[in-house]
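Each chain is listed here by its residues.
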Amino acid sequence: RGRLTVGLPPRLAHVLTADLVERFHAQFPEATMTVVEGLSIRLREWLVAGRIDVALMFDPPASPQFQQETLLREPLVLISVQALPKRMRLADVAQRPLVMPSGPNALRQLLEQHTRPRGLPLQLVAEVDSVQTVLSLVARGVGDTVLPQGVIRAWTYPQKLNVAAIHTPAMRNLLVLAVPTARPATRLSRGVSKALRELVTEHFDTAA
């Protein structure tokens, strides 16, 4: 019995929530689960404030306030409706017109951590927080985008999107399971953490 609140980034919530809730209720039929969505920076704040008990976050900074376990390392790729080579240098990617999530997004911050020190300003034509909308704009030829490799698997529309691996440097998006160190683990939180590990393994290429 009891209640547990889980925080997920929107991209993962779309993929994992139904399976997570189903497994939770199979294991804990008398308990209640709440799933909230938010950008990783917000999920981190909610963990600190005690609003959520367990979270999956992208690229959070290390902190003694959390126990963090890396579940996935996804390479970032360039996605375009135009034909692309198999691999592209980051310097060449930065010269292309890009549609990207806006500033607080962990992915955008990761990209700029690599471009800014190299003096590579991004050629932004639009900032859109929804990854699905970003891909829709790419499909219409508005611009290209830089997203984790796994995102393209969720693209089910007829318009073909092309992908190029990014190198010099390669970049990887870390998916982290986080629980607060200040609150003791419970049977519910351990069960949900185990389910999240299993679901990430099932839905994503964790060997990447």
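Residues numbered from 1 in each chain as written. Predicted model: local features only at pLDDT ≥ 70, side-chain atom pairs only at ≥ 80, totals over all residues. Heavy atoms only, no water.

**Some remarks on the overall build of the protein chain**
What the protein chain contains, in helices and strands, is 6 helices and 10 strands. Its C-alpha atoms give the protein chain a radius of gyration of 18 Å, within 12% of the compact-globule value 17 Å for 208 residues. Oriented by its inertia axes, the alpha-carbon framework of the protein chain measures out at about 55 × 40 × 30 Å. Taken across its 208 residues, the protein chain has 49% of its residues classed as buried. Considering only residue pairs separated by 6 or more positions, the protein chain has 78% of its internal contacts joining residues 24 or more positions apart. Carbon and sulfur atoms make up 50% of the accessible area of the protein chain, which amounts to about 10500 Å² in all. Looking at charge distribution, the protein chain has the averaged site of its 24 positive side-chain charges lying 3 Å from that of its 17 negative ones. (Helix = DSSP H or I, 4+ residues; strand = E, 2+ residues; numbered from the N terminus. Rg over C-alpha atoms; globule rule 2.2 N^0.38 Å. Buried < 20%, exposed > 50% of the residue type's maximum accessible area, 1.4 Å probe, protein only. Contact = heavy atoms within 4.5 Å. Areas by Shrake-Rupley, 256 points an atom, 1.4 Å probe, with all protein chains shown as cover. Lys, Arg positive; Asp, Glu negative; His and termini not counted. Charge placed at Lys NZ, Arg CZ, Asp CG, Glu CD.)

**What to know about the packing of aromatic side chains**
For the structure shown, the criterion picks out 1 aromatic pair. Pairing Phe24 with Phe28 gives two aromatic rings, centres 5.4 Å apart and planes at 55 degrees, and the pair type is tilted. Accessibility classification places Phe24 together with Phe28 in one group, the buried group. (Phe/Tyr/Trp six-rings, centres within 6.5 Å; stacked < 30°, edge-to-face > 60°.)

**Re the packing of helix 1 (residues 10–27) against helix 6 (residues 187–203)**
At a minimum axis separation of 10 Å, helix 1 and helix 6 run at an interaxial angle of 140 degrees. As far as their axial angle goes, helix 6 and helix 1 are oblique. Helix 1 and helix 6 meet at a crossing whose hand is right-handed. Contacts between helix 1 and helix 6 pair Val15, Leu16, Asp19, Leu20, Arg23, Phe24 and Gln27 from the former with Leu188, Gly191, Val192, Ala195, Leu196, Glu198, Leu199, Val200, Glu202 and His203 from the latter. Looking at side-chain class alone, the contact of helix 1 with helix 6 contains 10 nonpolar, 3 polar and 4 charged residues. (Axes fitted to C-alpha atoms, helices over the stretch in contact; angles between N-to-C directions. Parallel < 35°, antiparallel > 145°, perpendicular 65-115°, else oblique. Left-handed = near helix turned anticlockwise from the far one by under 90°. Nonpolar A, V, L, I, M, F, W, Y, C, P; charged D, E, K, R; others polar.)

**A word on helix 1**
The periodicity of an α-helix, 3.6 residues per turn, causes residues three or four places apart in sequence to face the same way. Counted at 1.5 Å a residue, the expected span for helix 1 with its 18 residues is 26 Å, and the 25 Å between its end C-alpha atoms agrees. Residue Leu16 marks the point of greatest curvature in helix 1, where the axis turns by about 55 degrees. (Expected span 1.5 Å × (residues − 1). Bend = angle between axes of the 7 residues up to and from the residue.)

**Notes on the side chain of Thr115**
You can see Thr115 is positioned in helix 4 (residues 106–115). Other than its neighbours up to four places away in sequence, Thr115 contacts Leu90, Leu120 and Leu122.

**Some points on the layout of surface pockets**
Approximately 590 Å³ is the volume attributed to the largest pocket. Contributing to the lining of the largest pocket are 27 residues, with Pro10, Arg11, Leu12, Val131 and Val151 lying nearest its centre. Breaking the lining of the largest pocket down by element, the ones donating at least two residues are helix 1, helix 4, helix 5 (131–139) and strand 8 (145–148). A total of 5 residues in the lining of the largest pocket trace back to one element, the largest contributor, which is helix 1. Residues belonging to the lining of the largest pocket are distributed by class as follows: 16 nonpolar, 8 polar and 3 charged. As a volume, the second largest pocket reaches approximately 250 Å³. Within the residue set of the lining of the second largest pocket, elements represented by two or more residues are strand 1 (2–8), strand 10 (172–180) and helix 6. For the lining of the second largest pocket, the per-class residue count stands at 5 nonpolar, 5 polar and 4 charged. (1 Å grid on protein atoms, 1.4 Å probe; cavity = no way out; pocket = protein on both sides within 12 Å on 5 of 7 lines; lining within 4 Å. Points joined across faces, edges and corners; volume = space filled by probe spheres on them.)

None of this, on its own, says anything about what the molecule does.
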